[in-house]
Amino acid sequence: QVQLVESEGGLVQAGGSLRLSCAASGRTFSSYAMAWFRQAPGKEREFVARISPGGISRYYADSVKGRWTISRDNAKNTVYLQMNSLKPEDTAVYYCAASGLGVADFKKPVRYDYWGQGTQVTVSS
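Throughout what follows, the structure given in this document is the object of discussion. (Residues numbered from 1 in each chain as written. Predicted model: local features only at pLDDT ≥ 70, side-chain atom pairs only at ≥ 80, totals over all residues. Heavy atoms only, no water.)

**Quick look at the side chain of Glu6**
Part 1: Inspection of the secondary structure assignment puts Glu6 in strand E1 (residues 4-6).
Part 2: Of the side chains with opposite charge, Arg45 lies nearest to the buried Glu6, which makes no salt bridge, at 7.7 Å.
Part 3: Only 3.0 Å separates the side chain of Glu6 from the backbone nitrogen of Gln117, close enough to count as a polar contact.
Part 4: Of the polar contacts made by the side chain of Glu6, one reaches the backbone nitrogen of Gly118; its length is 2.8 Å.
Part 5: In this structure, Glu6 is in contact with Ser21, Cys22, Trp36, Tyr94, Tyr95, Cys96, Gly116, Gln117, Gly118 and Thr119, ignoring residues within four places of it in sequence. (Helix = DSSP H or I, 4+ residues; strand = E, 2+ residues; numbered from the N terminus. Buried < 20%, exposed > 50% of the residue type's maximum accessible area, 1.4 Å probe, protein only. Lys, Arg positive; Asp, Glu negative; His and termini not counted. Salt bridge = Lys/Arg side-chain N within 4 Å of Asp/Glu carboxyl O. Polar contact = N/O pair within 3.5 Å; in protein donor to acceptor, adjacent residues only side chain to side chain. Contact = heavy atoms within 4.5 Å.)

Here it is as C-alpha cells:
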C-alpha cells in the first residue's frame, strides 16, 4: 500500500512558477513509476508527466513540454513537478499517482494504482 500526499498548490499569475511535491509512504517508493495528472472543471483527467522508478526516463504532455520538469528523490520518497511559465489554461486540480505496472499506456489513469488527494493550482491572467 502506498499513500500519496501532495503539497499545497496555490494561486499564481500567468508567467509565474510553482513547484508541487508529492510525498509517498512506504518503503517501496523506488519501485514505482510516478506521474502527475490534472483535471480542470468539466474535463477529463489528463496526463501531465511521468518519471520512471529510477528517474532515468521522463515523459511529458505536449502542452507542458519545455515548461515543466518532473523529478524524484527516492531517498525522500518524494516526486516533484516544477512548473514554469504558467498559463491560465494550466488551472486545474493536480494529482500525483504511482504505478507498479509497465510503461504501456502510461498516459491512461487506469494504469496507476495509487493516487493523491489532489491540489488546486489556479493561474490568473
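**What to know about the state of the cysteines**
Part 1: Taken as a whole and judged by the stated rule, the model has one disulfide.
Part 2: Covalently, Cys22 is tied to Cys96 through a disulfide, its sulfur atoms 2.0 Å apart. Its S-S torsion of about 45 degrees marks the bond between Cys22 and Cys96 as right-handed, since a negative value means left-handed. Linking Cys22 in strand E3 (residues 18-24) with Cys96 in strand E9 (residues 92-99), this pair joins segments that are 74 residues apart in sequence. For the pair Cys22 and Cys96, a shared accessibility class is recorded, and that class is buried. (Disulfide = S-S within 2.5 Å.)

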